[in-house]
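Structure assessment
Listed below, chain by chain, are the residues.
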Amino acid sequence: MLKYFSIVQALSRSALAMPNEAVTHQIRRLKESLEKDGFTKEAKSLEALLTASESSLEMSPSKIQRSFVVLKGEEITPKTSIPVDKETSTPLAEIFFPDDLPEKAPMFDGNIQLAIHSIVNEWSKFDQLLEINATPASSCLIYGAPGTGKTHLAKWIAKQIGLPVVLARLEGLMSSYLGTTSRNIGNLFTFANRYKCILLLDEFDAIAKLRNDPQEVGEVKRVVNTLLQSLDSRHEKGFTIGVTNHESLLDPAIWRRFDIQVEIPKPSPEVMIQLLKNFITPLEFNESEIKFLAWCLDGSSGADAEMLSKWLKRAFVLERESNIVEVMKQFAVLNSGRVDTKKRNVMVHSDEDFINMLLNDKVYSFKQKDLASLFGMTPSTLSKQLSKFKDSEKI
Ligand SMILES: Nc1ncnc2c1ncn2[C@@H]1O[C@H](COP(=O)(O)OP(=O)(O)OP(=O)(O)O)[C@@H](O)[C@H]1O
Ligand SMILES: [Mg+2]
């Protein structure tokens, strides 16, 4: 059992990200049994997870307590010198102080939101957990499709904890000189371990790209080994966040080094509506207009919603009387990668098909009245058009 305790602990942590009575009850039972058999350290670590989960449920994002002590190490200041690549003199990392980090939480579905708050809570209380000998998670891998807000999320977590971010893009650490990449990784981690900070390894998959080059086999092995050793060296020294959108390319050994792994999905219709409302301000659109935009962007990312919002702002500033459907059609044609192909084809083909597709959508359930106003018709013109369309289909 104790041989596998780290797995039990990870399982409990994942289960408590979305706690329910049964989960809490079973983990408490396990804790009590461990205590009875004299495994005090393990029992305390489960107790700490239970406490962290309870307080995370009570917490609202704005009330997250900043941790003051967290980790040992020197403070980073604007004067701290950042290590550089010896061949090119390019800095190996960029520093973001808490003031440079995003205040606004990224928007996700409720269960992801909850899991993220539990990480923030655990990290904010890291010192208290260490005091009772519990081993809190110290590393987290964030993965998911491009533009879903992963980098934003990593920076926001750092903002909540109140530590500066040492941001390294793995691509930037790669050097064409043999051996230099490993040295860069080593120097980066030595730097991060010396200071109180969150080490953010963005675009982590860059290492995997190297692997496709058959001439680089030896070098890749060396780089992966250095990375593994460096990640081990960082354990209990500071928090590390890895970000990637090609998680399947990551070496399983690297994958295992991360205590927590969070997948960020593409936004659901509800989240897409929230994102659009947020990005579109100060423009004002009514609920059915926002729902219409969300429908058009179904399956796209938060970054796409931001892009569409900029597009709408430009269109409505240039011409106040623009029609939202027409603007959306232009967007679909000129941003073909951002709008689902089937929807795009119907949108540009004919308004009748477009309206029918919207009316038949079970998830969004548009009303005829709302579509009439979107397409600039009266409800009776719309129903006449639809019945004409039905008649022509019968012929
Ligand atoms: N869920 C979200 N909540 C708030 N903003 C979001 C969300 N998803 C994307 N964005 C916005 O989209 C832009 C891109 O986000 P970000 O760079 O964090 O994505 P990413 O997942 O790291 O993308 P990539 O994989 O391409 O690096 C940012 O301006 C970000 O604020
Ligand atoms: Mg990113």
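Residues numbered from 1 in each chain as written. Chains lettered and ligands numbered in written order. Predicted model: local features only at pLDDT ≥ 70, side-chain atom pairs only at ≥ 80, totals over all residues. Heavy atoms only, no water.

As annotated in an unreviewed UniProt entry, the chain is AAA family ATPase from Flavobacterium akiainvivens. Among the UniProt annotations of the chain, the heading Sequence similarities (unreviewed entry) holds the following wording: "Belongs to the AAA ATPase family." (UniProt positions renumbered as here; feature names shortened; annotations may be inferred.)

1. Looking at the layout of surface pockets
Looking at the largest pocket, its volume works out to about 860 Å³. As for the largest pocket, its lining consists of 35 residues, and the residues nearest its centre are R13, S14, D259, I260 and Q261. Among the secondary structure elements, those contributing two or more residues to the lining of the largest pocket are helix 1 (5–17), helix 3 (40–58), helix 4 (110–124), helix 11 (252–257) and strand 6 (260–264). Examining the composition of the lining of the largest pocket, we find that eight residues originate from one element, helix 1, more than from any other. (1 Å grid on protein atoms, 1.4 Å probe; cavity = no way out; pocket = protein on both sides within 12 Å on 5 of 7 lines; lining within 4 Å. Points joined across faces, edges and corners; volume = space filled by probe spheres on them. Helix = DSSP H or I, 4+ residues; strand = E, 2+ residues; numbered from the N terminus.)

2. Quick word on the domain arrangement of the chain
Examined at the domain level, the chain breaks down into domain 1 (1–58), domain 2 (74–264) and domain 3 (269–394). The distance between the C-alpha centroids of domain 1 and domain 3 comes to 48 Å. (Domains from an automatic or database assignment.)

3. Remarks on helix 12 (residues 269–280)
In a regular helix each residue adds 1.5 Å, so twelve residues correspond to 16 Å; helix 12 covers 16 Å between its end C-alpha atoms and thus fits that length. Of the residues making up helix 12, those classed as buried are V271, M272, I273, L275, L276 and I280. Those residues of helix 12 hidden inside the fold are in contact with helix 13 (287–296) and helix 14 (302–318). (Expected span 1.5 Å × (residues − 1). Buried < 20%, exposed > 50% of the residue type's maximum accessible area, 1.4 Å probe, protein only. Contact = heavy atoms within 4.5 Å.)

4. What about helix 6 (residues 150–161)?
With twelve residues, helix 6 extends 17 Å between its outermost C-alpha atoms, agreeing within 8% with the 16 Å of an ideal straight helix rising 1.5 Å per residue. In terms of burial, helix 6 is a largely internal element, ten of the twelve residues being buried. When we look at burial in helix 6, the residues that qualify are K150, L153, A154, K155, W156, I157, A158, K159, Q160 and I161. Backbone geometry just after helix 6 places G162 at a positive phi near 80°.

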